[in-house]
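The residues making up each chain are set out below.
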There are 2 protein chains.
Amino acid sequence: MLYSDKLLDYVENYLAQIDFPEEPELLYTPISYSMQGGGKRLRPVLLMLAYGLYADEYRAALPAAAAVEVFHNFTLLHDDIMDNALIRRGKPSVYAKWGKNVAILSGDAMLIEAYRLLGQVAPAHLPAVLEVFNRTAVEVCEGQQYDMDFEERQKVSVVEYMRMIELKTAVLLAGAVVIGAILGGASEEDCRRLRRFAIELGLAFQLQDDLLDSYGDERLGKAIGGDILEGKKTYLMITAMSHANEEQREVLRTTHLDATLTDAEKIARVKALYDLLEIPHLTEQQIAIRFERALAQLEGLEALPERVEELKQYATSLMGRKK
Amino acid sequence: MLYSDKLLDYVENYLAQIDFPEEPELLYTPISYSMQGGGKRLRPVLLMLAYGLYADEYRAALPAAAAVEVFHNFTLLHDDIMDNALIRRGKPSVYAKWGKNVAILSGDAMLIEAYRLLGQVAPAHLPAVLEVFNRTAVEVCEGQQYDMDFEERQKVSVVEYMRMIELKTAVLLAGAVVIGAILGGASEEDCRRLRRFAIELGLAFQLQDDLLDSYGDERLGKAIGGDILEGKKTYLMITAMSHANEEQREVLRTTHLDATLTDAEKIARVKALYDLLEIPHLTEQQIAIRFERALAQLEGLEALPERVEELKQYATSLMGRKK
């Protein structure tokens with residue numbers, strides 16, 4: 001069994017034994033529902049892997065690992081209201097199932113639950129961990145706000161987009177990793193390196209997500225082209241806009257609104273333009289650069305070498321690559 | 001100058017110097033807007049008064065005082081979405097001014113900001129303070145959920161109503177007072193007494209709020225009868241329902257829906273029934289009982305006697321009574 005799979009087991013077991021009150025039902029049932037959603041548990045596993053670089057007594061890291069996972073699920077609950085998203089991990093979102101008010105209030109209770117879990121870390125580490133968590137949490141909110149701002153704007157630069165996904169996605173990976181490192185007893189220098197590792201990994205991860213939405217494998221069960229149909233400003237779209245001539249830009253801007261086209265035709269038209277502009281290649285290049293930068297940060301950590309190797313493997317598997 | 005007014009000054013000054021980033025504007029502007037709303041700053045002043053029972057260096061209590069005020073304002077932002085409330089303290093609510101998404105996300109950022117402020121307390125007190133705060137915060141959510149549940153129900157008992165307002169209103173007063181006491185170095189026994197003091201005070205305060213909504217002085221600038229027009233299940237309404245005969249109950253249940261009546265007629269009809277059933281008197285009795293129980297808890301505190309007196313005076317002034 002892979003070390004990261006073992007950690008995933010620990011995390012799942014810890015999450016499963018968190019006991020929510022029965023009442024009021026409309027506050028707590030949606031929390032259990034959203035926490036059972038599964039997913040990769042990427043953030044808590046990263047936290048545990050970072051902890052494992054420095055220490056063995058994995059139990060000490062579980063409450064904080066659970067805290068970042070509960071926090072992540074809180075953001076999904078509230079994002080789904082703001083984005084009017086009815087499906088989450090193949091099931092109705094809390095917002096779709098119970099409505100806006102329940103999703104707001106259950107989300108609030110989850111954010112508080114994340115802090116309750118965080119409060120279980122050793123008192124000696126609590127001030128530092130709380131500070132990292134708070135900074136991370138508010139940056140995730142900033143990222144979500146920029147994301148919504150960008151949807152209202154005509155033009156978004158690649159630099160702005162990268163900053164947005166850094167806030168919305170990468171900083172939470174970084175927060176998880178740094179909290180794990182602090183709990184394990186890492187030096188400040190190692191915390192800084194691990195932070196940069198997780199930021200770059202998070203950017204690579206999000207760009208890959210953007211790429212797979214248009215170029216993924218339908219056999220993996222995910223519908224292709226959702227971003228294109230919504231006219232979303234992804235890395236692909238923003239990069240294409242910056243490389244396109246005026247006529248092509250018009251196609252990129254308007255295709256998703258064209259009522260004379262079927263969905264398949266819209267997707268085909270935009271992807272043909274992406275291909276012409278070599279957007280998939282440019283995106284893969286950017287992913288590779290970010291991923292290499294991430295791995296480079298792991299060199300020179302003052303950590304158990306075999307655990308560094310495990311972390312590297314996990315990061316590699318995330319990117320869907322063979323090592 | 002009253003001691004409590006001095007504390008209020010400290011709190012206002014501390015709140016005023018909290019510096020929010022400029023960007024993203026739609027995340028942070030609503031936070032400043034809602035924090036400028038003023039109000040009595042009841043919760044932070046209570047925290048400071050409780051701290052002052054045991055210690056003099058008031059500055060040490062300011063971050064936690066600010067945290068409970070920011071938390072309180074966070075709950076207002078989200079409650080206003082759920083209650084579809086367009087006016088808050090005589091101004092457009094954040095929800096009315098910027099819409100649902102901004103109110104959700106700015107509210108989230110405020111909750112996180114409350115924890116950031118809380119993180120400033122002395123490390124020795126942080127675990128205990130965080131625990132009280134977390135428990136309080138989730139109970140406030142429970143109270144809000146019960147409040148919404150009750151609006152959907154035909155029948156709510158007085159006991160259920162009291163439990164709901166304890167959660168929605170009183171526990172936050174209690175949390176503030178207990179956090180102040182912990183920071184000041186109070187014994188566990190004193191913390192328990194102060195908790196009960198604040199719970200009873202909070203109940204008295206909320207019942208008085210219910211009473212004033214129907215029987216307040218219009219000259220104080222607050223419109224009378226809002227709860228009656230909304231058909232809200234207040235202490236007055238629930239008590240009236242439990243004392244009314246079948247015919248009277250029907251009047252209480254349906255008057256606010258009767259399209260043949262003007263607002264003034266609706267209010268007059270319900271209040272006539274309240275008067276007949278002696279509801280104002282029963283409510284005042286209940287307020288007096290709760291308030292006396294609150295004050296009784298202050299006897300026997302191991303605290304500076306003149307500061308106990310200040311706290312008593314402040315509580316008395318809250319209830320709009322001369323001492």
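The preceding data block contains the structure.
Please read all numbers here as calculations on a predicted model, not as lab measurements. (Residues numbered from 1 in each chain as written. Chains lettered and ligands numbered in written order. Predicted model: local features only at pLDDT ≥ 70, side-chain atom pairs only at ≥ 80, totals over all residues. Heavy atoms only, no water.)

1. Concerning the overall build of chain A
Move 1: If you tally the helices and strands in chain A, you get 15 helices and 2 strands.
Move 2: The C-alpha atoms of chain A give a radius of gyration of 20 Å, which matches the 20 Å a tight globule of 323 residues would have.
Move 3: Principal-axis analysis of the C-alpha atoms places the extent of chain A at approximately 60 × 50 × 35 Å.
Move 4: Looking at the 323 residues of chain A, the share that counts as buried comes to 57%.
Move 5: Once local pairs closer than 6 in sequence are excluded, the contacts in chain A between residues at least 24 apart make up 72%. (Helix = DSSP H or I, 4+ residues; strand = E, 2+ residues; numbered from the N terminus. Rg over C-alpha atoms; globule rule 2.2 N^0.38 Å. Buried < 20%, exposed > 50% of the residue type's maximum accessible area, 1.4 Å probe, protein only. Contact = heavy atoms within 4.5 Å.)

2. Regarding the nonpolar core
Move 1: Counting 240 residues, the largest nonpolar core has Leu194 of chain A together with Leu194 of chain B as the members making the most contacts within it.
Move 2: Excluding anything up to four places from it in sequence, Leu194 of chain B contacts Leu53, Tyr54, Val177, Ala181, Leu298, Leu301 and Leu311 of chain B. (Core = buried A, V, L, I, M, F, W, Y, C linked by side-chain atoms within 4.5 Å.)

3. Observations concerning the interface of chain B and chain A
Move 1: Taken together, the contacts link 35 residues of chain B with 35 residues of chain A.
Move 2: Of the roughly 3300 Å² buried between chain B and chain A, counting both surfaces, carbon and sulfur atoms make up 73%.
Move 3: Looking only at chain B, the three residues that lose the most surface to chain A are Leu105, Ile112 and Gln145 of chain B, adding up to 18% of its buried area.
Move 4: Connecting chain B to chain A are 0 salt bridges.
Move 5: Our count for the chain B to chain A interface comes out at 8 residue pairs in polar contact (both at pLDDT 80 or more).
Move 6: By residue class, the composition of the side of chain B that touches chain A is 23 nonpolar, 6 polar and 6 charged. (Buried area = accessible area lost by both parts, 1.4 Å probe. Salt bridge = Lys/Arg side-chain N within 4 Å of Asp/Glu carboxyl O. Polar contact = N/O pair within 3.5 Å; in protein donor to acceptor, adjacent residues only side chain to side chain. Nonpolar A, V, L, I, M, F, W, Y, C, P; charged D, E, K, R; others polar.)

4. A look at helix α13 (residues 263–276) of chain A
All names here are of chain A.
Move 1: Given a rise of 1.5 Å per residue, 14 residues ought to cover 20 Å, and the 20 Å separating the end C-alpha atoms of α13 matches this to within 8%.
Move 2: Three or more residues of α13 are buried, namely Lys266, Ile267, Val270, Leu273 and Tyr274. Here the buried residues of α13 occupy an arc of 135° about the axis, which is enough to place them on one side. Exposed residues pointing more than 90 degrees away from the buried face of α13 are listed as Ala264 and Leu276.
Move 3: Against the buried residues of α13 lie α9 (188–215), α10 (226–230), α11 (235–243), α12 (246–254) and α14 (279–298). (Expected span 1.5 Å × (residues − 1). Arc of directions from axis to C-beta.)

5. Some details on the relation of the copies chain B and chain A
Move 1: When chain B is fitted onto chain A, the two copies agree to an RMSD of 0.1 Å after a turn of 180° and an axial shift of 0.0 Å. With respect to symmetry, the two chain copies, as superposed, fit the operation of a two-fold axis.
Move 2: In this assembly the copies share their binding face: 100% of the residues contributing to the interface of chain B also contribute to that of chain A. (Least-squares fit on C-alpha atoms with pLDDT ≥ 70 in both.)

6. Some words on the side chain of Glu69 of chain B
Move 1: Note on placement: Glu69 of chain B falls in helix α4 (residues 62–82).
Move 2: Not counting the four nearest positions on each side in its chain, Glu69 of chain B is found in contact with Leu15, Met35, Gly38, Arg41, Pro44 and Arg89 of chain B.

7. Considering the side chain of Lys271 of chain B
Residue and element names in this part refer to chain B.
Move 1: Secondary-structure assignment places Lys271 in helix α13 (residues 263–276).
Move 2: Although Lys271 lies buried, it forms no salt bridge, and the closest oppositely charged side chain, Asp275, sits 6.8 Å away as judged by the N-O distance.
Move 3: If near-sequence neighbours (up to four positions away) are discounted, Lys271 is found in contact with Ser214, Tyr215, Ile224 and Ile228. (Lys, Arg positive; Asp, Glu negative; His and termini not counted.)

8. Concerning the pattern of salt bridges
When the charged atoms of two side chains lie near each other, side chains of opposite charge can form a pair.
Move 1: Scanning all chains against the criterion turns up 36 salt bridges over all chains.
Move 2: Put simply, Arg307 of chain A and Asp56 of chain A hold a salt bridge, and the shortest N to O gap is 2.9 Å. Note that Arg307 of chain A is positioned in helix α15 (residues 305–318) and Asp56 of chain A in the loop between α3 (42–52) and α4 (62–82), a separation of 251 residues in sequence.
Move 3: Residue class for Asp56 of chain A comes out exposed when judged on its relative accessible area of 56%.
Move 4: Taking the shortest distance from any N to any O, the salt bridge between Arg88 of chain B and Asp80 of chain B comes out at 2.7 Å.

9. Describing unusual backbone geometry
Move 1: With an omega of -10°, the peptide bond between Glu23 of chain A and Pro24 of chain A qualifies as cis.
Move 2: Turning to its location among the elements, Pro24 of chain A is positioned in the loop between α1 (3–16) and α2 (25–35).
Move 3: Unusually for a residue other than glycine, Arg41 of chain B sits at a positive phi of about 55°.
Move 4: Secondary-structure assignment places Arg41 of chain B in the loop between α2 (25–35) and α3 (42–52).
Move 5: Arg41 of chain B gets classed as buried once you look at its relative accessible area, which sits at 4%.

10. A word on the packing of aromatic side chains
Move 1: Applying the stated criterion across every chain yields a total of 17 aromatic pairs over all chains.
Move 2: Ring centres of Tyr115 of chain A and Tyr115 of chain B lie 3.5 Å apart, and the angle between their planes is 5°; on these two criteria the pair is classed as stacked. Remark: Tyr115 of chain B occurs in helix α6 (residues 100–118) and Tyr115 of chain A occurs in helix α6 (residues 100–118); the pair is interchain, linking two chains. Tyr115 of chain B shares its class with Tyr115 of chain A; the two are buried.
Move 3: Each ring, one from Tyr161 of chain B and one from Tyr235 of chain B, has its centre 6.4 Å from the other, and the planes form 45°; the classification is tilted. Taken together, the residues Tyr161 of chain B in helix α8 (residues 158–184) and Tyr235 of chain B in helix α11 (residues 235–243) connect sequence positions 74 residues apart. Tyr235 of chain B carries the same exposure label as Tyr161 of chain B, and that label is buried.
Move 4: One aromatic cluster is present, formed by Phe71, Phe74, Tyr115 and Phe133 of chain A together with Phe71, Phe74, Tyr115 and Phe133 of chain B through successive ring pairs.
Move 5: Positioned above the aromatic ring of Trp98 of chain A is the side chain of Lys97 of chain A, whose terminal nitrogen or guanidinium carbon lies 5.4 Å from the ring centre. (Phe/Tyr/Trp six-rings, centres within 6.5 Å; stacked < 30°, edge-to-face > 60°. Lys NZ or Arg CZ within 6 Å of the ring centre and 35° of its normal.)

11. Some details on the environment of Ser32 of chain B
All names here are of chain B.
Move 1: Here Ser32 lies in helix α2.
Move 2: Judged by relative accessible area, Ser32 falls into the partly exposed class, the value being 25%.
Move 3: For the pair Ser32 and Arg59, spaced 27 residues apart in sequence, the C-alpha separation works out to 22 Å.

12. Structural notes on the environment of Leu252 of chain B
Residues and elements named next belong to chain B.
Move 1: In this structure, Leu252 sits in helix α12 (residues 246–254).
Move 2: We classify Leu252 as buried; its relative accessible area is 3%.
Move 3: Each C-alpha atom, one on Leu252 and one on Ala16, is 45 Å from the other, the two residues being 236 residues apart in sequence.
Move 4: Ignoring sequence-local partners within four residues, the contact set of Leu252 consists of Met237, Ala240, Met241, Ala244, Val270, Leu273 and Tyr274.

13. Section: a negative patch on the surface
All names here are of chain A.
Move 1: Taken together, Asp19, Glu22, Glu23 and Glu25 make up a surface patch of like negative charges.
Move 2: The topology assignment puts Glu23 in the loop between α1 and α2.
Move 3: Owing to a relative accessible area of 48%, Glu23 belongs among the partly exposed residues under this scheme. (Patch = residues over 30% accessible without salt bridge, like charges linked within 9 Å, V, L, I, M, F, W, Y side chains within 5 Å. Areas by Shrake-Rupley, 256 points an atom, 1.4 Å probe, with all protein chains shown as cover. Charge placed at Lys NZ, Arg CZ, Asp CG, Glu CD.)

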